[in-house]
Amino acid sequence: GATLGGCAADVAGTSATLVPSRLPLPKPFSVPLPKASVLRPDRAGRILITQRVADLQILPGVRTPVWGYDGTFPGPTIETRSGSPVTITHTNALPVPTVTHLHGGHTPADSDGWPTDLLLPQRMSDGNGGTHAGHTGMTGMADPEARLRTSTREYRYPMDQPAATLWYHDHRMDFTGPAVWRGLAGMHLVRDDHEDSLSLPRDERELPLLIADRSFDADGSFRYPSVDPTLQRPGVADEWMSGVLGDVMLVNGAPWPVAEVDAARYRLRILNAGNARRLSLTLDADGTRLPFVQIGSDGGLLAAPRERGEITLAPGERIDAVVDFAALPPGRQVTMRNGIGGGGTALVMRFAVARRGRDDSRVPARLAERPPARDIPAGAPRRNFLFARGSDGRTAMWTINGEPFRPQRAVATIQRDRTEIWRLTSNVHHPVHVHLDPFLVLGREDDGLKDTVDMLPGETLEIAVRFSDYVGRYVLHCHNLEHEDMAMMARFDVR
Ligand code: C2O
Ligand code: CU
């Protein structure tokens with residue numbers, strides 16, 4: 001029978017599974033970089049999105065069915081203003097239940113995308129009890145909250161947070177990996193007046209780059225192990241529980257695209273939206289490395305810019321960076337490479353300098369309006385979280401402090417507005433993500449505010465968390481989506 005492509009050892013710091021595509025792939029840098037459509041709230045602060053199946057042409061001449069926000073992959077880029085609340089009404093016209101989470105959003109608990117707070121498919125919420133569920137992997141139809149669920153709902157986002165690069169994606173318990181792989185991910189940019197005043201590159205010279213690896217089946221569909229029976233052998237779920245890796249690099253939904261640029265500064269808002277693939281990005285201008293000037297991370301602008309030859313991004317992390325093409329004559333090309341993984345995934349995209357251009361942008365020496373205070377109150381409560389492999393007695397899974405995710409059980413109850421120190425320990429690579437409010441990684445001054453931290457195998461680090469915005473139930477979890485689906489998630493309550 002068919003076999004997996006073998007283990008891409010240490011790509012994710014563990015033996016994650018590389019799924020090979022089963023059709024011919026295009027030559028890199030032959031497809032233009034797409035720009036997702038932009039959705040802004042109307043005057044009443046509303047945005048409508050329908051989650052639906054659509055056929056897209058991702059590889060030239062090939063039809064790929066996706067699950068998309070408004071039928072696109074990536075979903076539309078949502079743009080909001082700090083301090084202006086927005087209500088996003090999602091309608092689920094997909095064949096499966098979904099949950100939408102705004103990653104990086106300071107969001108009240110009832111709109112945060114609790115993993116079992118399902119938005120039912122239209123066909124299942126029409127009052128006939130889910131008999132059309134089909135093989136959707138749907139569980140829990142007998143639970144008492146089910147009648148409260150519908151196929152349309154409003155997610156309310158106060159946007160009471162500074163300018164930052166956020167993203168939104170599916171978050172359904174146990175099924176986030178396959179849903180995001182099939183297309184349920186998009187970017188969300190929060191803007192504010194302070195950032196507008198900085199003269200950073202903007203408009204055509206601001207490029208959101210959603211990077212995601214995928215693999216394609218012979219019929220053009222995305223190939224994912226759990227929905228492909230030929231990739232499963234009895235009792236070996238294990239082969240992909242370490243993470244699913246694709247062999248095609250998509251940027252804004254296009255394989256190894258090329259972007260024409262002016263010889264000027266550009267702002268790149270880079271998101272690693274891959275399920276399990278870590279990225280190490282460099283810019284290669286005919287053998288010379290062009291630096292990234294990092295201006296922001298997950299939680300918004302850094303205190304000061306930071307020049308970096310290489311950027312490492314784990315799944316879920318974002319980097320906001322300015323790149324200056326001004327020294328390059330028209331005709332020169334700059335290749336974005338990825339140093340982790342090899343094969344087709346060693347290339348990401350290309351910038352082709354097309355023309356000279358006037359440039360009024362600049363990168364000021366001071367960026368954030370209010371850089372986070374770094375003083376930790378004496379006697380701050382401490383907690384330990386161990387991210388490691390475990391078992392529920394029968395099946396191998398991923399656990400936090402030895403426990404798989406149980407929605408009913410909070411592992412911590414935290415007092416609102418009180419700083420805590422969390423000591424995280426990781427057995428293999430785990431990108432650890434905490435909902436609600438961003439945190440500081442202690443000992444990494446210039447990282448800014450983070451909501452996802454790339455933990456190395458065997459690493460222990462301390463983060464300072466402080467939940468000020470809302471009370472309620474939230475989650476922390478590993479953002480390797482296969483680890484998350486295989487239970488590496490925990491509930492915490494803010495009181
Ligand atoms: Cu980007 Cu809880 O997820
Ligand atoms: Cu993990």
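On a predicted model such as this, the values are computed, not experimentally measured, just so you know.

Colleague: An account of the coordination of the copper ion (ligand 2) is needed here, citing residue identities and associated values.
Modeller: Only His430 (ND1), Cys478 (SG) and His483 (ND1) from the protein reach the copper ion (ligand 2) as donors, at distances of 2.0 to 2.1 Å. We note that the donor set of the copper ion (ligand 2) lies within a single chain, spaced as H-x47-C-x4-H. Of this pair, His430 sits in strand β29 (residues 430–434) while Cys478 sits in strand β33 (residues 472–478), placing them 48 residues apart in sequence. Assigned by exposure class, His430 and Cys478 land together as buried.

Colleague: An account of the environment of Ser84 is needed here, citing residue identities and associated values.
Modeller: With respect to the helices and strands, Ser84 occurs in the loop between β5 (75–81) and β6 (86–92). Here the alpha-carbon distance between Ser84 and Gln161, two residues 77 residues apart in the chain, equals 9.8 Å. For Ser84, the contacting residues outside a window of four places in its chain are Pro158 and Met159.

Colleague: I'd like a description of the nonpolar core, backed by residues and values.
Modeller: Within soluble globular proteins, side chains that are nonpolar tend to cluster in buried spots. Among the nonpolar cores identified, the biggest contains 81 residues, and Leu209, Phe325, Met336, Phe351, Trp422, Leu424 and Phe492 are the most heavily contacted of them. Residues contacting Leu209, with those up to four places away along its chain left out, are Leu33, Met187, Val251, Asn252, Leu268, Arg269, Ile270, Leu271, Met336, Met349 and Phe351. Grouped together as the second largest cluster of nonpolar side chains are 19 residues, Ile49, Ile78, Tyr168 and Ala179 included.

Colleague: Before we move on, can you summarise the layout of surface pockets with the specific residues and values?
Modeller: Its boundaries defined by the atoms lining it, the largest pocket holds a volume of some 1,000 Å³. The wall of the largest pocket is formed by 40 residues, among which Arg370, Pro371, Pro372, Ala373 and Leu449 lie closest to the centre. Mapped onto the lining of the largest pocket, the elements with two or more residues apiece are α2 (193–196), β20 (300–308) and β32 (460–465). The element contributing the most residues to the lining of the largest pocket is β20, with seven residues. For the lining of the largest pocket, a count of residues per class yields 18 nonpolar, nine polar and 13 charged.

Colleague: Mind laying out the pairing of strand β24 (residues 347–356), listing which residues take part and the relevant values?
Modeller: Where strand β15 (residues 258–263) lies against β24, six bridges are found, and the strand directions are parallel. Across the sheet, Ala263 pairs through a bridge with Arg356, a residue of β24. In this sheet, β24 lies alongside strand β23 (residues 333–338) in antiparallel orientation, the contact comprising five bridges. Residue pairing for β24: Met336 is matched across the bridge by Met349.

Colleague: Can you lay out the sheet that holds strand β28 (residues 420–426) for me, pointing to particular residues and giving the numbers?
Modeller: The strand order β26-β25-β28-β32-β30 describes an open sheet built from five strands, whose pairing is mixed. Of all the strands in the sheet, the pair left with one neighbour each is β26 (396–400) and β30 (440–441). Both strand β25 (residues 382–391) and β28 contribute to a ladder of six bridges, which runs parallel. Its bridge partner lying in β28, Leu386 is registered against Thr425.

Colleague: Residues and numbers for the pairing of β33, please.
Modeller: Buried residues dominate β33, accounting for five of its seven residues. The pairing of β29 with β33 spans three bridges and is classified as antiparallel. Each residue of the ladder has a partner; that of His433, found in β33, is His477. When β33 meets strand β34 (residues 489–494), the two strands line up antiparallel, connected through six bridges. Residue Val475 lies in a different strand from β34, and its bridge partner there is Arg491.

Colleague: Any details on unusual backbone geometry? Residues and values, ideally.
Modeller: With omega at -5°, the peptide bond leading from Phe73 into Pro74 counts as cis. By secondary structure assignment, the location of Pro74 is in the loop between β4 (64–69) and β5. Non-glycine residue Asp70 carries a positive phi angle of around 55°. As for its position among the elements, Asp70 is in the loop between β4 and β5. Of the residues examined, Asp70 reaches a relative accessible area of 24% and is grouped as partly exposed.

Colleague: Mind laying out the pattern of salt bridges, listing which residues take part and the relevant values?
Modeller: Under the definition given, this model contains 42 salt bridges. We note a salt bridge from Asp324 to Arg265, for which the minimum N-O separation is 3.9 Å. On the criterion of sequence distance, the pair formed by Asp324 in strand β22 (residues 318–324) and Arg265 in strand β16 (residues 265–272) is long-range, its members being 59 residues apart. Take Arg265: its relative accessible area is 22%, and that puts it in the partly exposed class. A salt bridge links Arg358 to Asp360, with the nearest nitrogen and oxygen atoms 2.8 Å apart. Taking the relative accessible area as the measure of exposure, Arg358 reaches 67% and is therefore exposed. Residue Asp360 is classed as exposed on the basis of its relative accessible area, which comes to 56%. Via salt bridges that share partners, Arg40, Glu79, Arg191, Glu195, Glu206, Arg267, Arg269 and Asp320 belong to a single interconnected network.

Colleague: Could you give an account of the side chain of Asp247, naming the residues involved and the relevant values?
Modeller: Checked against the element boundaries, Asp247 lands in the loop between β12 (244–245) and β13 (248–251). A distance of 2.6 Å separates the side chain of Asp247 from the side chain of Ser21, its partner in a polar contact. With residues near it in sequence (within four places) discarded, Asp247 still touches Leu18, Val19, Pro20, Ser21, Leu25, Arg214, Ser215, Trp256, Gly344 and Thr345.

Procedures and definitions
- Residues numbered from 1 in each chain as written.
- Chains lettered and ligands numbered in written order.
- Predicted model: local features only at pLDDT ≥ 70, side-chain atom pairs only at ≥ 80, totals over all residues.
- Heavy atoms only, no water.
- Donors = N, O, S within 2.8 Å, 3.2 Å for Na, K, Ca; no water.
- Helix = DSSP H or I, 4+ residues; strand = E, 2+ residues; numbered from the N terminus.
- Buried < 20%, exposed > 50% of the residue type's maximum accessible area, 1.4 Å probe, protein only.
- Contact = heavy atoms within 4.5 Å.
- Core = buried A, V, L, I, M, F, W, Y, C linked by side-chain atoms within 4.5 Å.
- 1 Å grid on protein atoms, 1.4 Å probe; cavity = no way out; pocket = protein on both sides within 12 Å on 5 of 7 lines; lining within 4 Å.
- Points joined across faces, edges and corners; volume = space filled by probe spheres on them.
- Nonpolar A, V, L, I, M, F, W, Y, C, P; charged D, E, K, R; others polar.
- Pairing = 2+ DSSP bridges.
- Salt bridge = Lys/Arg side-chain N within 4 Å of Asp/Glu carboxyl O.
- Polar contact = N/O pair within 3.5 Å; in protein donor to acceptor, adjacent residues only side chain to side chain.

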